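Given next are the chains, with one letter for each unit.
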Amino acid sequence: MATKYTILLLGSGGREHTIAWKLSQSDMLDKLYCAPGNAGTAKHGTNLPFQDSDFQSIHQFVIANNVNMLIVGPENPLVLGIHDYFLETPELAGIPVIGPAKHAAMLEGSKDFAKEFMARHTIPTAAYQTFNAGSFNSAVDFLDTFHAPYVLKADGLAAGKGVVICATKEEAELELREMLLNSKFGKASEKVVIEQFLHGIEMSAFVLTDGNSYCILPEAKDYKRIGNGDTGLNTGGMGCVSPLPFATPEFMAKVEDRIIKPTISGLQIDNIPYKGFIFFGLMNVNGEPFVIEYNCRLGDPETEVILPRLKNDLLELFHLVATNKLSSAKIDIAEETAICVMMVSGGYPGTYAKGMPVHGISNIQNALAFHAGTAFNPTVNQILTNGGRVLGLTAIAPTLLEAKNQVYSQLPLITFDGCYYRDDIGLDLLHYVENLTNTNE
Ligand code: AMP
Ligand code: GLY
């Protein structure tokens, strides 16, 4: 009989709703549980009342419900060692976990570890050095080896706030003092990486790996700032596009040869098993790719544009990862363009209200509505906002322009108090294509 899976999916964002949506299309899925999930994952499976880092509850639930695959969406449980916990617990050890063990997750969990890994395996990245409180004065001197702007990175996880780009040396010195001497990010800033600022176009590449072979998933560009024209505060991501007109086959071949292959072989050389996704944050510097960060998971909202373009059965791919047979997979990607626009709560990424009723999701016909910060309240029979990023709307169409027009025609159909979204997701890429066309004419 064909393998069937009872899955526990950890996480509660737009990424997890998208993974749940994709898994629900698989014949290999028997049952899907999500911890803690959101109102979107509840449409495809059963949400559970415990957090994604509550190892005890995860353990008990997996055993009591015959779960035979754990899929980890966010980085936190991975960096805390959920995969190791399974391997080290006899009754859980045989259950495959999609997401790397703690040592490998340090590629995301420690900037210093990631930079050392890249240096050791000659993977192109910005020049850098790492400092601690004891070497504060050397850190200040090291700033003189670069020109403004200065890039400072807290070594550990700092809720996405640990990278600070300073316009002047004075600002950088103050920031260094805050991080190293005044524990700005607690333990996460006990060490700080100072690195060269790279000028270029940012994008992300993704692979799924069983540790030996890998499949390349669609690339994506995330719009990180809150305001139109890339202005204002950094967020978790306000929108995404895939594919990217500047990610030419020539550029992607360089990414594969210089970055993806040496990363996979580097993990093998260093004896670090890896089963799961690797997210490469890249800078395209005049056509040459550099790594600016690794993540040990899929991105959010990148997932909301990657998975709608993936024609493969995602659960079959996970099965091949679990059984070390990913080399037999053949990835099939739709050529169309996917765009996701995030609808967020007023005030995000600062303080915002929760519990606002969300209206109109059922009106959406020409887009996919992926829930992020939402919760279903059965007492009022209503979906309510439950986070800063509330919903990601994804349209997929033959061209970038059509996808953009499609998603923006659907967005006004959903309403909640304080709703905000950027008006310009994909606009820079349309201009890029126009310029290319004009130059070639
Ligand atoms: P990270 O958390 O490492 O992705 O950094 C957050 C953001 O800071 C990135 O998405 C880039 O926009 C920017 N960044 C990080 N490192 C560099 C760098 N070396 N040069 C230029 N920008 C950078
Ligand atoms: N959207 C960026 C991330 O998931 O890290």
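A few points on the structure.

Conventions used here
Residues numbered from 1 in each chain as written. Chains lettered and ligands numbered in written order. Predicted model: local features only at pLDDT ≥ 70, side-chain atom pairs only at ≥ 80, totals over all residues. Heavy atoms only, no water. Helix = DSSP H or I, 4+ residues; strand = E, 2+ residues; numbered from the N terminus. Rg over C-alpha atoms; globule rule 2.2 N^0.38 Å. Buried < 20%, exposed > 50% of the residue type's maximum accessible area, 1.4 Å probe, protein only. Contact = heavy atoms within 4.5 Å. Areas by Shrake-Rupley, 256 points an atom, 1.4 Å probe, with all protein chains shown as cover. Lys, Arg positive; Asp, Glu negative; His and termini not counted. Charge placed at Lys NZ, Arg CZ, Asp CG, Glu CD. Pairing = 2+ DSSP bridges. Axes fitted to C-alpha atoms, helices over the stretch in contact; angles between N-to-C directions. Phe/Tyr/Trp six-rings, centres within 6.5 Å; stacked < 30°, edge-to-face > 60°.

1. Here's the deal with the overall build of the protein chain
Check the secondary structure of the protein chain and you find 13 helices and 21 strands. Taking 22 Å as the expected radius of gyration for a compact globule of 441 residues, we find that the protein chain reaches 21 Å, a close match to that expectation. In the protein chain, which comprises 441 residues, the share counted as buried stands at 55%. Restricting the contact set of the protein chain to residue pairs at least 6 apart, pairs at least 24 apart contribute 69%. Summed over its atoms, the accessible surface of the protein chain is roughly 18,500 Å², and 51% of this surface lies on carbon and sulfur atoms. Seen as two clouds, the 32 positive and the 48 negative side-chain charges of the protein chain have centres 2 Å apart.

2. Quick look at the sheet that holds strand β5 (residues 97–98)
As summarised here, the arrangement of the 5 strands in space is β3-β2-β1-β4-β5, forming an open sheet in which the pairing is parallel. If you trace the sheet from one side to the other, it starts and ends with β3 (46–47) and β5, each paired once. Note that strand β4 (residues 69–72) and β5 share 2 bridges and pair parallel. Among the inter-strand pairings, Ile71 is bridged to a residue of β5, identified as Ile98. Sheet contacts for helix α1 (residues 14–23): β1 (5–11), β2 (29–36) and β4; angle to β1, the most-contacted strand, approximately 165°.

3. With respect to the side chain of Ser213
Position of Ser213 among the secondary structure elements: in the loop between β10 (201–209) and β11 (214–222). Relative accessible area serves as the criterion here: at 16%, Ser213 is assigned to the buried category.

4. A few points about the environment of Glu250
Note on placement: Glu250 falls in helix α9 (residues 249–269). Expressed as a C-alpha distance, the spacing of Glu250 and Thr385, which sit 135 residues apart in the sequence, is 43 Å.

5. Thoughts on the packing of aromatic side chains
Tallied over the entire structure, the rule returns 13 aromatic pairs. On the numbers, 4.7 Å between centres and 75° between planes, the contact of Tyr33 with Phe61 is edge-to-face. Taken together, the positions of Tyr33 in strand β2 and Phe61 in helix α2 (residues 55–64) put the pair 28 residues apart, joining distant regions of the chain. For the residue pair Tyr33 and Phe61, the accessibility class agrees, reading buried in each case. For the pair Phe131 and Phe142, a centre-to-centre distance of 5.5 Å together with 50° between the ring planes defines the contact as tilted. In this pair, Phe131 sits in strand β6 (residues 128–132) while Phe142 sits in helix α7 (residues 136–143), placing the two residues 11 residues apart along the sequence. Each of the two residues, Phe131 as well as Phe142, counts as buried.

Geometric descriptors of this kind do not, in isolation, establish any biological role.
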